[in-house]
Amino acid sequence: SPILEVEDLSFSYSEEKKILKNVSFKINKGDMASIVGKNGAGKSTISKLICGFYKPTSGKVLFDGRDIANKTIKERSEKIGFVMQNPNQMISKSMIFDEVAFGLRIRGYSEEEVKERVYKVLEICGLYKFRNWPISALSFGQKKRVTIASILVLNPEVIILDEPTAGQDFKHYSEIMEFLVELNKQGVTIIMITHDMHLMLEYTNKVIVLSEGEKIADDTSINILTNNKVIEKANLKETSLYE
Ligand code: ADP
Ligand code: MG
Ligand code: MG
């Protein structure tokens with residue numbers, strides 16, 4: 001059944017240019033989906049609308065069948081976690097434990113509960129042994145895991161990751177993807193924003209293709225692969241790893 005539905009969504013940052021044009025799609029519980037398209041297609045904008053950073057000009061977002069237009073960013077974040085592209089927004093001197101605990105502490109959880117939940121998530125993310133390290137001591141890939149951990153600690157049912165593998169070498173790319181596959185197996189619905197065709201074909205069961213703010217395809221990856229027109233229009237690139 002659908003957990004997230006985007007219905008006829010349109011959006012503009014300014015009057016001159018429409019950024020999203022009547023985009024609709026459905027994500028089912030347990031999906032590992034990707035939203036693909038070339039730079040500027042509107043991928044990040046759509047995820048920010050879903051998470052409540054901007055209001056759509058028209059159309060709506062449903063979670064579990066309910067319109068979430070009147071939900072705040074904070075309320076949405078407990079259902080739909082958003083992992084931003086750049087992990088460097090973290091304060092590098094803070095400890096990993098505190099970084100991951102932040103979202104729970106601002107929501108008033110007791111320190112006992114914070115500890116229990118953070119330890120569990122750090123364990124899942126392979127970060128437990130680093131819990132007292134400063135963020136600055138971690139590699140890029142490990143920092144990425146910290147950003148994912150701080151989203152997961154709120155127990156969202158869906159996580160949206162903006163370009164999760166961008167700028168990663170092969171080792172970290174595989175680590176991140178294996179980790180996401182594992183989370184998906186544990187029941188977390190995952191949506192990845194990417195222009196990496198390998199990721200889309202290899203890992204996802206559902207693809208939404210955006211081009212200049214319009215959805216031009218929405219199907220399984222196998223059908224997309226055979227549709228060269230869609231591939232061309234979306235200007236998808238395989239990662240350098242496979243060139
Ligand atoms: P993608 O993530 O697919 O690369 P974006 O959603 O970031 O695309 O951007 C879609 C379009 O919206 C682009 O033309 C971009 O220049 C424009 N855009 C993105 N963010 C803003 C903003 N804050 N203000 C104005 N225009 C923006
Ligand atoms: Mg971009
Ligand atoms: Mg983007």
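That block above? That's the structure.
Quick notes on the rules
Residues numbered from 1 in each chain as written. Chains lettered and ligands numbered in written order. Predicted model: local features only at pLDDT ≥ 70, side-chain atom pairs only at ≥ 80, totals over all residues. Heavy atoms only, no water. Buried < 20%, exposed > 50% of the residue type's maximum accessible area, 1.4 Å probe, protein only. Helix = DSSP H or I, 4+ residues; strand = E, 2+ residues; numbered from the N terminus. Pairing = 2+ DSSP bridges. Right-handed = clockwise from strand over helix to strand, strands pointing away. Near = heavy atom within 4 Å. Polar contact = N/O pair within 3.5 Å; in protein donor to acceptor, adjacent residues only side chain to side chain. Nonpolar A, V, L, I, M, F, W, Y, C, P; charged D, E, K, R; others polar.

> Explain the pairing of strand S8 (residues 189-194) here, please?
A regular strand places its side chains so that they alternate between the two faces of the sheet. Counting buried positions along S8 gives 6 out of 6 residues, so the element sits mostly inside the fold. Burial along S8 is two-sided: Thr-189, Ile-191 and Ile-193 facing one way and Ile-190, Met-192 and Thr-194 facing the other are all buried. The pairing of strand S3 (residues 32-36) with S8 spans 5 bridges and is parallel. Pairing of Ile-35 across the sheet is with Ile-193, part of S8. The β-α-β motif built from strand S7 (residues 158-162), the intervening helix H6 (residues 170-185) and the parallel element S8 has right-handed crossover chirality.

> For this particular structure, what's the right way to read the sheet that holds strand S5 (residues 66-67)?
Remark on secondary structure: sheet strands pair via backbone hydrogen bonds, oriented parallel or antiparallel. The 4 strands are arranged S2-S1-S4-S5 in an open sheet whose pairing can be described as antiparallel. Edge positions in the sheet fall to strand S2 (20-28) and S5, since each of these pairs with one other strand and no more. Of the strand pairs in this sheet, strand S1 (residues 2-11) and S2 are connected by 6 bridges, and their pairing is antiparallel. Bridging from a neighbouring strand, Glu-5 pairs with Lys-26 of S2.

> Looking at this structure, how should I read the site of ligand 1?
In the vicinity of ligand 1, the contacting residues are Tyr-13, Lys-17, Ile-19, Lys-38, Asn-39, Gly-40, Ala-41, Gly-42, Lys-43, Ser-44, Thr-45 and Tyr-54. For ligand 1, an oxygen atom lies 3.0 Å from a polar atom in the side chain of Asn-39. Within the backbone of Ser-44, one N or O atom sits 2.9 Å away from an oxygen atom of ligand 1. Taken together, the residues of the shell around ligand 1 sort by class into 4 nonpolar, 5 polar and 3 charged.

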